[in-house]
Amino acid sequence: SQRGMGKGAGRGGQNEQLPRLSRPKSLENLKYLGKITYEEVKRHRTPGDAWLIIRDKVYDVSSWNEHPGGNVIFTTAGEDATDVFNAFHAGGSVHYLKEFEIGEVDRTNSDAKLTPSAKQVAFEANYRKLRSRLMVDGMFSASPVWYAYKMLTQVAIWLLGFYLAYASNGRLLMVLASGIVHALFLQQSGWLCHDILHHQVFKDRRMGHLLGLVWGNFAQGFSISWWMNKHNSHHAVPNLVESCANAADGDPDIDTMPFLAWSKQMWAQRAEGLKGSAVGRFMIRNQALLYFPLLGMARVSWALQGLQYGFPSMPSFGWSVKSAELTGSKNTVYPMGEKVGLIGHYAWYFTAATLCCINAPGLLSGLAAFALYVVSTNVLCGLFLAIVFGLGHNGMAVYHADDRPDFWKLQVTTTRNIIGGHGIPQPLVDYFCGGLQYQVEHHLFPQIPRHNLPAVHKAVVKFCKDEGVDFHEADIVDGTKEVLQHLGEVADDFIQHFPAL
């Protein structure tokens, strides 16, 4: 059945337009079970059999592939999802959980090892109070003027790239300049779309999705439905290795085997497969050296995955988000809008590439100019995006899904903030990283607009200090060294424990 989700209490006391809720047929005959222990909830942790806890109530969301936020709902199957729910949803969303309710947590008869201690309950209450205080302080409210400025500067950068392409006459330095400018445009469009789809800009989520089609599909060439499915799951379980093969509780952003292994668990789980893969063994042994070349290919991989969502009938090329594979779901928010946006993206993109070569002095010169534009935009955009992503999480703590800490500690210990240093000024870091220099704060409160994150940063640092939680930040140079050192250590462990591989 379908029911409309009307306006609910939004951030900071404002109303927020919510999407329609599509309920799976498999849940039409749910039975209320009363008291349910933690260990019973843990038995239901796959997309086809998914129970979760929100505010001490137990809900059955099995096979809810139509969930508006994508397959993120299955990342916390078998777990307490209270804080993940709070991080992603408008205030009014809680009223629509009732349909899925099957009981409440039985703390008295649950295994003591699975039941939160009084100290843990107090810690969780404290960070939820901090979230409420930030709402009252207006930190969840966006500045329309600030975002209008960002969009206008993006249009200016886009047009500059076209001008350089047109004026190049096939001259390779000018073509490269156009490629660099458009690579920056693609990266910054990614950050802008990121803010929009995290509902930082608009209270009306439908408006956010529609503008997301402009800055995601059209400007950047990524499907917003693909992005939301992948990125929301990453936010819920950063740096988590899946609990089992048929679970969706692993971070898709570190699902990089056999190219990169971020922990011993990752390659150990696939040891049998690696015995028959010379390429996989070579990649892990040399992953610290291959890290940056692989980042240069990141945009191509993401663009292909986005095309698979926009045009489901196209070949998969072996690249897909695991949760989509498990559920067989590649739902798109606006199927026609996705297609139109992606077609529009490649229309302007190849128009720019053609402008680079149309007035070249010869055929070979024109082909070289066309190729240079295509290669430079894709490789540089991949590097521009992935360097920031990598610094945000790579080289930080990696957990097995069964051993995940609470929401706050998970987000903070798996995440690194980026600061200025080694001659790179903070304003340049702020622009280049698009708000993700405050990656810790963003992961804790993903709906807070980026222009409010500096103020939130102070509150988060103080909270971590008061509660004894480690908080890590590094500049681009030191952070990159930490990432490469971590990759080297995992590779050394691989060679030491499996010399035959």
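Before any of the text, the structure's been laid out above.
Calculation rules
Residues numbered from 1 in each chain as written. Predicted model: local features only at pLDDT ≥ 70, side-chain atom pairs only at ≥ 80, totals over all residues. Heavy atoms only, no water. Helix = DSSP H or I, 4+ residues; strand = E, 2+ residues; numbered from the N terminus. Rg over C-alpha atoms; globule rule 2.2 N^0.38 Å. Buried < 20%, exposed > 50% of the residue type's maximum accessible area, 1.4 Å probe, protein only. Contact = heavy atoms within 4.5 Å. Areas by Shrake-Rupley, 256 points an atom, 1.4 Å probe, with all protein chains shown as cover. Lys, Arg positive; Asp, Glu negative; His and termini not counted. Charge placed at Lys NZ, Arg CZ, Asp CG, Glu CD. Salt bridge = Lys/Arg side-chain N within 4 Å of Asp/Glu carboxyl O. Axes fitted to C-alpha atoms, helices over the stretch in contact; angles between N-to-C directions. Parallel < 35°, antiparallel > 145°, perpendicular 65-115°, else oblique. Left-handed = near helix turned anticlockwise from the far one by under 90°. Nonpolar A, V, L, I, M, F, W, Y, C, P; charged D, E, K, R; others polar. Phe/Tyr/Trp six-rings, centres within 6.5 Å; stacked < 30°, edge-to-face > 60°. Lys NZ or Arg CZ within 6 Å of the ring centre and 35° of its normal.

J.: If you had to explain the overall build of the chain to someone new, which residues and values would you point to?
T.: Helices and strands together make up the secondary structure of the chain, namely 20 helices and 13 strands. Computed over C-alpha atoms, the radius of gyration of the chain comes to 23 Å, within 12% of the 23 Å expected from 2.2 N^0.38 for 501 residues, which places it in the range of a compact globule. Taken over the C-alpha atoms alone, the chain extends approximately 80 × 60 × 45 Å along its principal axes. Counting all 501 residues of the chain, 55% fall into the buried class. By sequence separation, contacts in the chain at least 24 residues apart represent 73% of the contacts at least 6 residues apart. Entry remark: accessible area of the chain is about 21,100 Å², with carbon and sulfur atoms responsible for 63%. Considering the chain, the positive charge centre built from 44 side chains and the negative charge centre built from 43 side chains are found 4 Å apart.

J.: Please set out the pattern of salt bridges residue by residue, giving values where relevant.
T.: If you walk through the whole model with that rule in mind, you get 18 salt bridges. Of the charged contacts in the structure, one is a salt bridge between D249 and R45, with a shortest N-O distance of 3.6 Å. You can see D249 sitting in the loop between strand 10 (240-241) and helix 8 (264-269) and its partner R45 sitting in strand 6 (residues 45-46), a full 204 residues away along the chain. Among the residues examined, D249 registers a relative accessible area of 0% and is labelled buried. Residues K230 and D253 are paired through a salt bridge, measuring 2.5 Å at the closest nitrogen-oxygen approach. Note that K230 is positioned in helix 7 (residues 224-236) and D253 in the loop between strand 10 and helix 8, a separation of 23 residues in sequence. You can call D253 partly exposed: its relative accessible area is 27%. A single network of salt bridges, built from pairs that share partners, joins R45, D249, D402 and R404.

J.: Account for the packing of helix 5 (residues 172-197) against helix 6 (residues 205-220), naming residues and giving values.
T.: Running from N to C, helix 5 and helix 6 cross one another at 165 degrees; their axes reach a closest spacing of 9 Å. Considering their axes alone, helix 5 and helix 6 lie roughly antiparallel with respect to each other. For the pair helix 5 and helix 6, the crossing hand works out as left-handed. Contact with helix 5, carried on its side by F185, L186, S189, G190, L192, C193, I196 and L197, involves G208, H209, L211, G212, W215, G216, A219 and Q220 of helix 6 and no other residues of that element. For the contact of helix 5 with helix 6, a count of residues per class yields nine nonpolar, seven polar and no charged.

J.: Give a description of the packing of aromatic side chains that names residues and reports values.
T.: Going through the model one piece at a time under the given rule, you end up with 27 aromatic pairs. Ring centres of Y349 and Y373 lie 5.3 Å apart, and the angle between their planes is 45 degrees; this geometry places the pair in the tilted category. Of this pair, Y349 sits in helix 14 (residues 335-357) while Y373 sits in helix 15 (residues 363-393), and the two are 24 residues apart along the sequence. Of the residues examined, Y349 reaches a relative accessible area of 3% and is grouped as buried. Following the ring pairs from residue to residue traces out a cluster consisting of W158, F162, F185, W215, F218, Y346, W348, Y349, F350, F370 and Y373. Looking at K339, its charged tip hangs above the ring of F311, at a distance of 5.7 Å from the centre.

Geometric values such as these leave the question of function open.
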